[in-house]
Structures are given as structure tokens and as C-alpha cells.
Amino acid sequence: MSAKYKYATVLEAIKQLRDAGFMVDFNIEGSFLSANSSKYHTDDFEITEIYRYEGDTNPDEESTVYGIESKDGVKGILVTSYGMYIDDISEELLQKLSLK
């Protein structure tokens, strides 16, 4: 992970990432990320940019925005919300997405 950025809102972070060429929307599906009918396991992508947004008064408004680049050249965005309400996410993927 090369950079952390500060933006006023999640939407501003997404806009800046889109402007930087992160055009695809990634989704979490168990042990991998998916985008455009492709699957990306933890070894298939790197998190190159990250932004964490914390709501002013409500911790449920916490989100993390990731700029992700796959080994096959796909640049996209993954947005996770407070607590990542995903029951079947793998430990390996959860660790890769954790903030260090």
C-alpha cells in the first residue's frame, strides 16, 4: 500500500480515485474480490490507495475506500462499511483488507 489520502467524504475519495483511473467497482465474494465477472484472489491484486472515513457522531457511518490494482491491469474501487457485514469473507481476504 503506497498512499493514504484524506478526503472530506467517501464520495470525494471515490471521485478522486475515479479521476486517477480507478474505474471498476470491486465486490467481496467470500475469499476473493469480483469485478466485471472476473475473480481476484488475494495474490491477484494489491491495495495501492486507502482512505478511512469516520462519521462525526455515529460509528455506523465508518467506511473504508480502497484503490485496488489487479495483476492483469484492472484498477478499481472497493468500499467497505463499518464492521464489514459479510458473513462468509475469508480470513486471508480480511487480513489483506485490514488497516495496518
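Not measured: the values here are computed from a predicted model.

Explanation requested: the overall build of the protein chain in the structure shown.
A tally of helices and strands in the protein chain yields two helices and eight strands. Along its sequence from the N terminus, the protein chain presents helices and strands in the succession β-α-β-β-β-β-β-β-β-α. Looking at the protein chain as a whole, 41% of its 100 residues are labelled buried. A separation of at least 24 residues holds for 56% of the contacts in the protein chain among residues at least 6 apart in sequence. Summed over all atoms, the accessible surface of the protein chain reaches about 6,100 Å², with 47% contributed by carbon and sulfur.

Sorry, what's going on with the nonpolar core here?
Nonpolar side chains in soluble globular proteins tend to be buried together. Counting 16 residues, the largest nonpolar core has Phe26, Leu33, Ile68, Leu78 and Leu97 as its most contacted members. Broken down by element, the residue count for this core peaks at three residues, all from strand β6 (residues 45-53). By size, the runner-up hydrophobic cluster in this structure holds seven residues, among which are Val10, Ala13, Phe22 and Tyr51.

Is there a simple way to think about the sheet that holds strand β5 (residues 38-40) in this case?
Judged by pairing direction, the sheet is antiparallel, and its three strands sit side by side in the order β3-β4-β5 without closing on themselves. The outermost strands of the open sheet, each flanked by one partner alone, are β3 (27-29) and β5. Shown here is a sheet whose adjacent strand axes are inclined to one another by a mean of 40°, direction ignored.

Each value, and the rule that gives it
Residues numbered from 1 in each chain as written. Predicted model: local features only at pLDDT ≥ 70, side-chain atom pairs only at ≥ 80, totals over all residues. Heavy atoms only, no water. Helix = DSSP H or I, 4+ residues; strand = E, 2+ residues; numbered from the N terminus. Buried < 20%, exposed > 50% of the residue type's maximum accessible area, 1.4 Å probe, protein only. Contact = heavy atoms within 4.5 Å. Areas by Shrake-Rupley, 256 points an atom, 1.4 Å probe, with all protein chains shown as cover. Core = buried A, V, L, I, M, F, W, Y, C linked by side-chain atoms within 4.5 Å. Pairing = 2+ DSSP bridges. Axes fitted to C-alpha atoms, helices over the stretch in contact; angles between N-to-C directions.

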